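Remarks on the overall topology
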Amino acid sequence: MLAYDSPTLSLPARTSVHLFRSTFGCEPQALIRAPGRVNLIGEHTDYNGLPVLPFAIAQSHYVAAAVGQGPCFELINADAQFPAKTIAADALPAFSAAGQWDNYFRAAVLGLRDAGFLTTEHLAGGMQIAVASDLPSGVGLSSSSALVVAFALAALSVHACRSVHPVPLAEILAEAEHYVGTRGGGMDQTVCLLGKKAHAIRINFFPLEAEPIPFCAGSQPVPRICLSDSGVRVEKSGTGLLRYNRRPLECRLALEVFRRRAASMPDRLPPLDSIRHWGDLVKPPIALSHKAVLEAAAAIFDHPSYSKSDLLRILGWGEGTWADFTESFPEPADGFKLHPRVRHVMEEGRRVEQAADALRAGDWPTMAKLIAASHESCRDLYEISCPEIERLIETGANAGATASRLTGAGFGGCVLHLVPADACGSFDNEMRRQLGRDLRLFEAVPSQGAAIL
Ligand code: NG1
């Protein structure tokens, strides 16, 4: 009990415990920390089966939890913008309106139930939960996935379930987030669970593998990683859902077209029937080079964008197949942009490999070039930047950053800047001088992953 009051716990950790006590009148049985993340490089590659290179940060959610008083889940949050929620156990699948915070709790618990880690008896026991946080939401630091991870660890912990290895748990929780509606990949949950102090985590997908890589000093000391907040908020599970889900859909449609047309290029491409993700093309047994895939894509995609009727014709699909495959996604006015999305994804996957090597070698000039190239590709090929982000990128360069890029899903959120260690103070001052005193700047320090405290 005393440990929960320990001054060594962070302020939000202690806040979650105090809130728990004052709300439920008893002691929590578990206290969980789940951190946010910054993605150094590898944007929108995860769901395409290509690697990413994120790290967990210090800013985290804290969840104090105990078994409930019956088949009911009571959730309270120290942040007043997230109102208290009570969910009957049999109403868990009745999700609230998009963007509501209790949906992340429902997703975590249902995901664990689907995977067989929580039983009907566990659910009948309910839970009491108090949340406090110093991880801002909607800024591209993966606050929603961290919340899912925190809830899942809390549920497993208070119900004394057998421990689940973080790799399968990350896979279960990545799948569970699909309950909330986003069709993203597994980067956020994996780095939240497997983050390591002073390391970035190179993550491969399908199968999921995580390799910690230390931040090494080379000819230059390790730069500081600074974040500036564009102030543009895009709630992926709310208003941003269509914009976000369009990209994974374009990638999947592109793969269908590529696979079909590859069959007529047997001299250049092997049979691709077993391919499920773009990353499969560069892994054994196919093991094409990124360059070969990009050259084939340039030959295959003969238009900058495709209408629905173009795709129905190319793929030989009827309306029913289209509706199933796209989940009746509305046709974008500017068409499905298959080739630019493929170029981004394949080139970005290659950049992640090069960045992992640069990190290992402490080769920060190469890292800076890769980060700048990643941003250009996110802006021009994947089209996930916005004017506010571009302003931060430009100002970052003037203020002394060696490279900057958007981090996370895009359309808003934060920009990551590599700042030489000896230029920190002047960077912050210059950014605020040019963009205003209220500009939110954070330092992103590579930190340990989620834990039961
Ligand atoms: P954020 O920035 O948390 O919205 C999303 C996806 C990631 C990844 C990135 C883009 C989820 C939970 N997160 O992250 O898997 O695809 O976009 O690289 O879907």
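Up top is the structure.
So, how was this worked out
Residues numbered from 1 in each chain as written. Predicted model: local features only at pLDDT ≥ 70, side-chain atom pairs only at ≥ 80, totals over all residues. Heavy atoms only, no water. Helix = DSSP H or I, 4+ residues; strand = E, 2+ residues; numbered from the N terminus. Buried < 20%, exposed > 50% of the residue type's maximum accessible area, 1.4 Å probe, protein only. Contact = heavy atoms within 4.5 Å. Axes fitted to C-alpha atoms, helices over the stretch in contact; angles between N-to-C directions. Left-handed = near helix turned anticlockwise from the far one by under 90°. Nonpolar A, V, L, I, M, F, W, Y, C, P; charged D, E, K, R; others polar. Pairing = 2+ DSSP bridges. Core = buried A, V, L, I, M, F, W, Y, C linked by side-chain atoms within 4.5 Å. Salt bridge = Lys/Arg side-chain N within 4 Å of Asp/Glu carboxyl O. Phe/Tyr/Trp six-rings, centres within 6.5 Å; stacked < 30°, edge-to-face > 60°. Lys NZ or Arg CZ within 6 Å of the ring centre and 35° of its normal. Arc of directions from axis to C-beta.

Quick look at the overall build of the protein now. Each helix and strand counted, the protein has 14 helices and 12 strands in total. Overall, the protein is about 70 × 55 × 40 Å in size when its C-alpha atoms are taken along their principal axes. Of all 453 residues assigned to the protein, the portion counted as buried reaches 58%. Taking contacts inside the protein between residues at least 6 apart in sequence as the whole, the part at least 24 apart equals 73%.

Another aspect to go through is the packing of helix H7 (residues 241-262) against helix H9 (residues 308-315). H9 packs onto H7 with a crossing angle of 35° between their chain directions and a minimal axis gap of 10 Å. When you trace H7 past H9, the crossing you get is left-handed. Residues Leu253, Glu256, Val257, Arg260 and Arg261 of H7 touch H9, and the partners they reach there are Leu311, Ile314 and Leu315. Considering only residue class, the contact of H7 with H9 consists of five nonpolar, no polar and three charged.

With that settled, consider the sheet that holds strand E9 (residues 403-406). In space, the four strands of this open sheet follow the order E9-E10-E8-E11, with antiparallel pairing throughout. Looking at the sheet topology across the chains shown, the edges are occupied by E9 and strand E11 (441-443). Pairwise comparison of adjacent strand axes, ignoring direction, gives a mean angle of 25° for this sheet. In terms of strand pairing, strand E8 (residues 224-229) meets strand E10 (residues 414-419) through six bridges, oriented antiparallel. In the sheet register, Ser228 faces E10, and the bridge partner there is Val415. Along the sheet, helix H14 (residues 424-435) contacts E8, E10 and E11; its crossing angle with E8, the most-contacted strand, is approximately 15°.

A word on the side chain of Gln189. With respect to the secondary-structure elements, Gln189 resides in helix H6 (residues 187-194). Beyond its immediate sequence surroundings of up to four residues, Gln189 is in contact with Ser145, Val149, Ala170, Leu173, Ala174 and Glu177.

Below, the discussion takes up the nonpolar core. The tendency in soluble globular proteins is for nonpolar side chains to be buried side by side. Grouped together as the largest cluster of nonpolar side chains are 84 residues, with contacts concentrated most on Leu40, Phe105 and Phe151. Considering each element in turn, this core owes the most residues, 12 residues, to helix H4 (residues 143-158). Setting aside residues no more than four positions away along its own chain, Phe151 makes contact with Val63, Trp101, Tyr104, Phe105, Ala108, Ile129 and Val131.

Where burial is concerned, the two faces of strand E4 (residues 85-88) differ: the one with Lys85 and Ile87 is buried and the one with Thr86 and Ala88 is not. Judged from the four bridges that link them, strand E3 (residues 72-77) and E4 form a sheet pairing that is antiparallel. The partner of Leu75 across the bridge, within E4, is Lys85.

Bringing the pattern of salt bridges into the picture now. According to the stated counting rule, one finds 29 salt bridges in the structure shown. For Arg261, the salt bridge identified is with Asp302, shortest N-O distance 3.5 Å. Placement of the pair is Arg261 in helix H7 and Asp302 in the loop between helix H8 (290-300) and H9, with a sequence separation of 41 residues. Because the salt bridges share partners, they merge into one network encompassing Arg246, Glu250, Asp334, Lys337, Arg341 and Glu383.

Inspection of the secondary structure puts Met431 in helix H14. The spatial distance from the C-alpha of Met431 to the C-alpha of Thr395 is 6.6 Å, given a sequence separation of 36 residues. Once residues lying within four places of it in the same chain are set aside, the contact partners of Met431 are Ser228, Leu392, Thr395, Gly396, Ala399, His417, Gly436, Leu439 and Leu441.

Following the sequence through the fold, Thr15 ends up in helix H1 (residues 11-24). On the accessibility criterion, Thr15 (29% relative accessible area) is partly exposed. Considering only alpha carbons, one finds Thr15 and Val63, 48 residues apart in sequence, at a separation of 9.7 Å. The residues touching Thr15, leaving out its near neighbours within four places in the chain, are Ala78 and Ala132.

The next point concerns the packing of aromatic side chains. Tallied over the full model, the rule gives 14 aromatic pairs. Each ring, one from Phe82 and one from Trp101, has its centre 6.3 Å from the other, and the planes form 55°; the classification is tilted. Taken together, the residues Phe82 in the loop between E3 and E4 and Trp101 in the loop between E4 and helix H2 (102-114) connect sequence positions 19 residues apart. Since its relative accessible area comes to 3%, Trp101 is described here as buried. Here the aromatic residues Phe73, Phe82, Trp101, Phe105 and Phe151 are joined through ring pairs into a cluster of three or more. Arg252 extends its terminal NZ or CZ atom over the ring of Phe325, reaching a point 4.9 Å from the ring centre. Taking the ring centre of Tyr382 as reference, the NZ or CZ of Arg341 above it sits at 5.9 Å.

Time to look at H9. Within H9, burial applies to Lys308, Leu311, Leu312, Ile314 and Leu315. In a view along the axis of H9, the buried residues occupy a sector of 170°, so they form one face of it. In H9, the exposed positions angled more than 90 degrees off the buried face are occupied by Ser309 and Arg313. Where H9 is buried, its residues meet H7, helix H10 (319-326) and helix H11 (338-361). A positive phi of about 65° marks Gly316, the residue just after H9.

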